[in-house]
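Listed below, chain by chain, are the residues.
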There are 2 protein chains.
Amino acid sequence: MAGITNYQWILQERPEGRVKRSDFEFRRSELRPVEAGECLVKVLYMAMDPATRGWMSASGGYLEPLPLDGPVMGVTIGKVVESRNPQIETGTVVAGVGQWAKYMIVGPEQISPVRTGSLGVLAPMDVSTGFELPMYLHAMGTSGGTAHRGLFDIAGMKVGDKVLVSGAAGSVGSLVAQMARLKGAAKVVGIAGGAEKCATVVRDYGCDACIDYRATDNLSAAIAREFPNGLDVFFDNVGGDILEAAIDNLAKGARIAVSGMVSQYNNSEPVPGPRNLWNLVVNTARIEGFLVGDYFGTPASEAAYREIAAWLKEGKLNARLDVREDFENTPDVFNQLFSGGNNGRLVMKVPD
Amino acid sequence: MAGITNYQWILQERPEGRVKRSDFEFRRSELRPVEAGECLVKVLYMAMDPATRGWMSASGGYLEPLPLDGPVMGVTIGKVVESRNPQIETGTVVAGVGQWAKYMIVGPEQISPVRTGSLGVLAPMDVSTGFELPMYLHAMGTSGGTAHRGLFDIAGMKVGDKVLVSGAAGSVGSLVAQMARLKGAAKVVGIAGGAEKCATVVRDYGCDACIDYRATDNLSAAIAREFPNGLDVFFDNVGGDILEAAIDNLAKGARIAVSGMVSQYNNSEPVPGPRNLWNLVVNTARIEGFLVGDYFGTPASEAAYREIAAWLKEGKLNARLDVREDFENTPDVFNQLFSGGNNGRLVMKVPD
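As the structure is a prediction and not an experimental result, all values here were calculated from the model.

Each value, and the rule that gives it
- Residues numbered from 1 in each chain as written.
- Chains lettered and ligands numbered in written order.
- Predicted model: local features only at pLDDT ≥ 70, side-chain atom pairs only at ≥ 80, totals over all residues.
- Heavy atoms only, no water.
- Least-squares fit on C-alpha atoms with pLDDT ≥ 70 in both.
- Pairing = 2+ DSSP bridges.
- Helix = DSSP H or I, 4+ residues; strand = E, 2+ residues; numbered from the N terminus.
- Axes fitted to C-alpha atoms, helices over the stretch in contact; angles between N-to-C directions.
- Contact = heavy atoms within 4.5 Å.
- Buried area = accessible area lost by both parts, 1.4 Å probe.
- Salt bridge = Lys/Arg side-chain N within 4 Å of Asp/Glu carboxyl O.
- Polar contact = N/O pair within 3.5 Å; in protein donor to acceptor, adjacent residues only side chain to side chain.
- Phe/Tyr/Trp six-rings, centres within 6.5 Å; stacked < 30°, edge-to-face > 60°.
- Lys NZ or Arg CZ within 6 Å of the ring centre and 35° of its normal.
- Parallel < 35°, antiparallel > 145°, perpendicular 65-115°, else oblique.
- Left-handed = near helix turned anticlockwise from the far one by under 90°.
- Nonpolar A, V, L, I, M, F, W, Y, C, P; charged D, E, K, R; others polar.
- Domains from an automatic or database assignment.
- Core = buried A, V, L, I, M, F, W, Y, C linked by side-chain atoms within 4.5 Å.
- Buried < 20%, exposed > 50% of the residue type's maximum accessible area, 1.4 Å probe, protein only.
- Expected span 1.5 Å × (residues − 1).

**Section: the relation of the copies chain B and chain A**
Phase 1 of the analysis: You can overlay chain B on chain A at an RMSD of 0.0 Å; the transform is a turn of 180° with a shift of 0.0 Å along its axis. Look at the turn and shift together and you get a two-fold axis relating the two. Scanning chain B for the C-alpha nearest the rotation axis identifies B:Gly273, at a separation of 2.1 Å.

Structure follows, in structure tokens:
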């Protein structure tokens, strides 16, 4: 498609700790023609996901490490603007792992006419529920699916459970807290960083209380005050010291669902894990990790998204979007995930 | 019951590391009369269990810490020789957590006419299957129940799974390895300490291979050689570095059942945990702790013991007993659990 200028964020160096602008090239190029079997996708929105940080490292992600001199990858939503793949129609809205770029040309192995159970492949996104497109990267997309699957399928939350949620001001955690409330948790407590976020977590996301991990020097004791008889469910996407503090406070039969370990993604060396795993035996408890990609396209997933859509339409679920429009500053925006600079699901709108 | 001399192992000091003779008093006393509601139990056999070491510490066990100046507790089998409890008949064979002693007088809260789901209470043991009594402390008791529940219920082992077992020369591990084989595991590998134990594990306990953790400086790599595509099930009762090395080698959807952490019981300070819990997310895997006491008296438990009894009678399960008769040296015998000096389930026969 001659005459179209593309911009891509190209990974030049594997970052140490937080990303720097110089780890990337913001590459301008002319799009080559689309060949037989390929599609041209206009990227519309890119989710800023902590997982992307893991993929930038030589190891430590759940996909293969991103190659150097190739585009950064992240969960995106886009539209097929030219198709030479007979299975994909021009005009289809697709979502999945795509590029930090204005456009991407994808071969048949990178796009599927149906959800495959792999997050690494673009697939048509059903947007017939009529929400604004970024919502399909949030409650109607990976964040909502992660929250629902982790809380109900992995942790098996039941009516009357006492629930703790880390990253409670974040995209996944804020949904987990609200879903726990909607499904009859006896108590929901969030963990977040800073007084302002904690206030939001209680006011907007239905938590009974929020523990400010920056304002306590004994997180374990702070959790114990909220759960004197222990917690039944912990939904964790932070890991590290927060995970250890939660393991100190398990009720009998507790379940911990782990969807990520944000605290670990910027470490270049592995750090010691929780010293108290023995509590899993004492309390006959479990820790289980999961990836939402495995879940896509299953009947359980479809039922979950129907439930989420109904909650959204009834105004029961506050799914806050923090949409940015400075594509040319993507690395700086991305770092806000780790500094707490975002307020809701952080999404980059990609310019036309 | 005047005129009966009792001997009890009394805890005098909380041990540091391995137990010392001076941590205990071997107390001689005359039994007081049995009062209304009480039973007098003659202890016949005491299992030497690593868990007892945890109970001796100020914290860290799954029962309350043993009080100082009180008898050491452990899983025992005994016989009611006098009953003033109307629910318990004289002559009943009972098992559960009892004292390191020749005799014990137990109140109604310490003995139950039916299995209660708590290991901490003595209850009648069905010995109608006719095995020698120590077997009800091994394959027909807590070891067999721990192995069966952990492998099949907690780890959910299925036909074709590749299974790794730590402590494979020990009482629980040796049963786990054989049960995995009997139920169609595609591969069973043990971990044990020393060439002799490893030879036993392969020859007598049905393992395809055994990794000698004392003879390797890279346990993770040794496991990887046995499981190039990862392991499906890990049954662990050791913890520490062995757990971390196994977590390095998980197949997608792997399950780790943890019945104990022998490596930790002699530590006075908590030690760092596995640095690689992130692998639980990458491989959508879980770690689950359990206590066999919760399981007793359930229909699943009864079915498990019927299956174990049949395997024993058909000669399919090698449940080795290492019965000692030096009650007066119990602390030294107990330490052999941690030095690897036992050869099968270590049981102390209590003299008449």
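**Quick notes on the sheet that holds strand E13 (residues 286-289) of chain A**
Paired through their backbone hydrogen bonds, the strands of a sheet run either parallel or antiparallel.
Phase 1 of the analysis: Taken in spatial order, the twelve strands make up an open sheet running E10(A)-E9(A)-E8(A)-E11(A)-E12(A)-E13(A)-E13(B)-E12(B)-E11(B)-E8(B)-E9(B)-E10(B), and their pairing is mixed. Strand pairing shows two members of the sheet lacking a second neighbour, strand E10 (209-212) of chain A together with strand E10 (209-212) of chain B, which therefore form its edges. Strand-to-strand twist in this sheet, taken as the mean axis angle between neighbours without regard to direction, amounts to 15°.
Phase 2 of the analysis: Alignment of strand E9 (residues 187-192) of chain B against E10(B), held across four bridges, turns out to be parallel. The residue of E10(B) that forms the bridge with B:Val189 is B:Ala209.
Phase 3 of the analysis: Sitting on the sheet, helix H5 (residues 219-226) of chain A touches strand E8 (162-165), strand E9 (187-192), E10 and strand E11 (231-236) of chain A, and the angle it makes with E10(A) is about 170°.
Phase 4 of the analysis: In the packing of helix H2 (residues 142-154) of chain B onto the sheet, the strands contacted are strand E8 (162-165), strand E11 (231-236), strand E12 (250-258) and strand E13 (286-289) of chain B, and the crossing angle to E11(B) comes to about 150°.

**Let's talk about the interface of chain B and chain A**
Phase 1 of the analysis: Contacts between the two partners involve 30 residues from chain B and, on the opposite side, 30 residues from chain A.
Phase 2 of the analysis: In total, about 2500 Å² of surface goes out of reach between chain B and chain A, with carbon and sulfur atoms giving 70% of it.
Phase 3 of the analysis: Across the chain B-chain A interface, the total number found is two salt bridges.
Phase 4 of the analysis: Note that B:Asp294 and A:Lys252 form a salt bridge whose closest N and O atoms lie 3.1 Å from each other.
Phase 5 of the analysis: Linking chain B to chain A there are eight residue pairs in polar contact (both at pLDDT 80 or more).
Phase 6 of the analysis: Those elements giving two or more residues to the side of chain B that touches chain A turn out to be E12, helix H7 (278-282) and E13 of chain B.

**Observations regarding the environment of B:Lys313**
All names here are of chain B.
Phase 1 of the analysis: As for its position among the elements, Lys313 is in helix H8 (residues 299-313).
Phase 2 of the analysis: Lys313 has contacts with Thr129 and Phe131, leaving out every residue within four places of it along the chain.
Phase 3 of the analysis: For Lys313, the side chain forms a polar contact with the main-chain oxygen of Thr129, separated by 2.9 Å.

**With respect to the packing of aromatic side chains**
Phase 1 of the analysis: All told, the structure shown has 18 aromatic pairs over all chains when counted by the stated rule.
Phase 2 of the analysis: For the ring pair B:Tyr7 and B:Phe26, a centre distance of 5.3 Å and an interplane angle of 25° mean the geometry is stacked. Taken as a pair, B:Tyr7 in strand E1 (residues 5-11) and B:Phe26 in strand E2 (residues 24-30) lie far apart in primary sequence, 19 residues in all.
Phase 3 of the analysis: Through successive ring pairs, a cluster of aromatic residues spans A:Tyr7, A:Trp9, A:Phe24, A:Phe26, A:Trp100, A:Phe327, A:Phe334 and A:Phe338.
Phase 4 of the analysis: Above the plane of the ring of A:Tyr103 lies A:Lys42, whose end atom (NZ or CZ) is 5.7 Å from the centre.
Phase 5 of the analysis: Above the face of the B:Phe131 ring, B:Lys313 is positioned so that its terminal group lies 5.2 Å from the ring centre.

**Brief notes about the packing of H2(B) against H8(B)**
Residues and elements named next belong to chain B.
Phase 1 of the analysis: Contact geometry of H2 with H8 gives a least axis separation of 10 Å together with a crossing angle of 110°. Comparing the axis directions of H2 and H8 gives the class roughly perpendicular. H8 is crossed by H2, and the crossing has right-handed handedness. Judged by residue contacts, Thr142, Gly144, Gly145, His148 and Asp153 of H2 engage Ala300, Ala304, Tyr305, Glu307, Ile308 and Trp311 from H8.
Phase 2 of the analysis: Grouping the amino acids of the contact of H2 with H8 by side-chain chemistry returns five nonpolar, four polar and two charged.

**Quick word on the domain arrangement of chain A**
Residue and element names in this part refer to chain A.
Phase 1 of the analysis: What the domain assignment lists for chain A is domain 1 (5-138 + 319-349) and domain 2 (142-293).
Phase 2 of the analysis: Computed over C-alpha atoms, the centres of domain 1 and domain 2 are 28 Å apart.
Phase 3 of the analysis: Contacts between domain 1 and domain 2 engage 22 residues on the former and 17 residues on the latter.
Phase 4 of the analysis: For the pair domain 1 and domain 2, the summed buried area comes to about 1600 Å², and 52% of that belongs to carbon and sulfur atoms.
Phase 5 of the analysis: Taken together, the connections running from domain 1 to domain 2 amount to one salt bridge.
Phase 6 of the analysis: The salt bridge partner of Asp204 is Arg320, with a shortest N-O separation of 2.5 Å.
Phase 7 of the analysis: Our count for the contact surface shared by domain 1 and domain 2 stands at five residue pairs in polar contact (both at pLDDT 80 or more).
Phase 8 of the analysis: Secondary structure elements with two or more residues in the side of domain 1 that touches domain 2: helix H1 (50-56) and helix H9 (330-339).
Phase 9 of the analysis: Looking at the side of domain 1 that touches domain 2, the element that brings in the most residues is H1, giving three residues.

**A few points about the nonpolar core**
Across soluble globular proteins, you tend to see nonpolar side chains buried next to one another.
Phase 1 of the analysis: Residues A:Met48, A:Met56, A:Met140, A:Leu151, A:Met179, A:Ile308 and A:Leu312 are the most contacted members of the largest nonpolar core, which totals 87 residues.
Phase 2 of the analysis: Per-element tally for this core: the top contributor is strand E3 (residues 39-47) of chain A, with seven residues.
Phase 3 of the analysis: When residues of this core are assigned to domains, at least three map to each of domain 1 (5-138 + 319-349) and domain 2 (142-293) of chain A.
Phase 4 of the analysis: Of all hydrophobic cores here, the second largest spans 85 residues; its members include B:Tyr136, B:Leu137, B:Ala319 and B:Val347.

**Things to note about helix H3 (residues 171-182) of chain B**
Residue and element names in this part refer to chain B.
Phase 1 of the analysis: Compared with the 16 Å implied by 1.5 Å per residue over twelve residues, the 17 Å span of H3 between its first and last C-alpha is a close match.
Phase 2 of the analysis: Among the twelve residues of H3, ten are classified as buried, and the element is accordingly described as predominantly covered.
Phase 3 of the analysis: Taken as a whole, H3 has its buried residues at Ser171, Val172, Gly173, Ser174, Leu175, Val176, Ala177, Gln178, Met179 and Ala180.

**Considerations on the environment of B:Asp126**
Residue and element names in this part refer to chain B.
Phase 1 of the analysis: You can see Asp126 is positioned in the loop between strand E7 (123-124) and H2.
Phase 2 of the analysis: Its relative accessible area of 53% is what places Asp126 among the exposed residues.
Phase 3 of the analysis: Side-chain polar atoms of Asp126 contact the side chain of Ser128, separated by 2.6 Å.

**Observations concerning helix H9 (residues 330-339) of chain B**
Turn by turn, an α-helix covers 3.6 residues, leaving residues three or four places apart pointing in a common direction.
All names here are of chain B.
Phase 1 of the analysis: Of all ten residues making up H9, seven are buried, and the element is well covered by its neighbours.
Phase 2 of the analysis: Those residues of H9 that fall on the buried side of the exposure criterion are Thr330, Pro331, Val333, Phe334, Asn335, Leu337 and Phe338.
Phase 3 of the analysis: In this fold, the buried residues of H9 make contact with E1, E2, strand E3 (39-47), helix H1 (50-56), strand E14 (321-324) and strand E15 (345-349).
Phase 4 of the analysis: Looking one or two residues past H9, Gly340 carries a phi angle of roughly 80°, positive in sign.

**A look at the pattern of salt bridges**
Residue and element names in this part refer to chain A.
Phase 1 of the analysis: What the rule picks out here adds up to 38 salt bridges over all chains.
Phase 2 of the analysis: The residue Arg149 makes a salt bridge to Asp153 at a minimum N-O spacing of 3.3 Å. One end of the pair, Arg149, and the other, Asp153, are both in helix H2 (residues 142-154), four residues apart, so they sit about a helical turn from each other.
Phase 3 of the analysis: Owing to a relative accessible area of 21%, Arg149 belongs among the partly exposed residues under this scheme.
Phase 4 of the analysis: One network of salt bridges, in which partners are shared, links Glu25, Arg27 and Asp69.

**Considering the environment of A:Val159**
Phase 1 of the analysis: Structurally, A:Val159 is set in the loop between H2 and E8.
Phase 2 of the analysis: Excluding residues that lie within four positions of it along the chain, A:Val159 makes contacts with A:Lys183 and A:Gly184.

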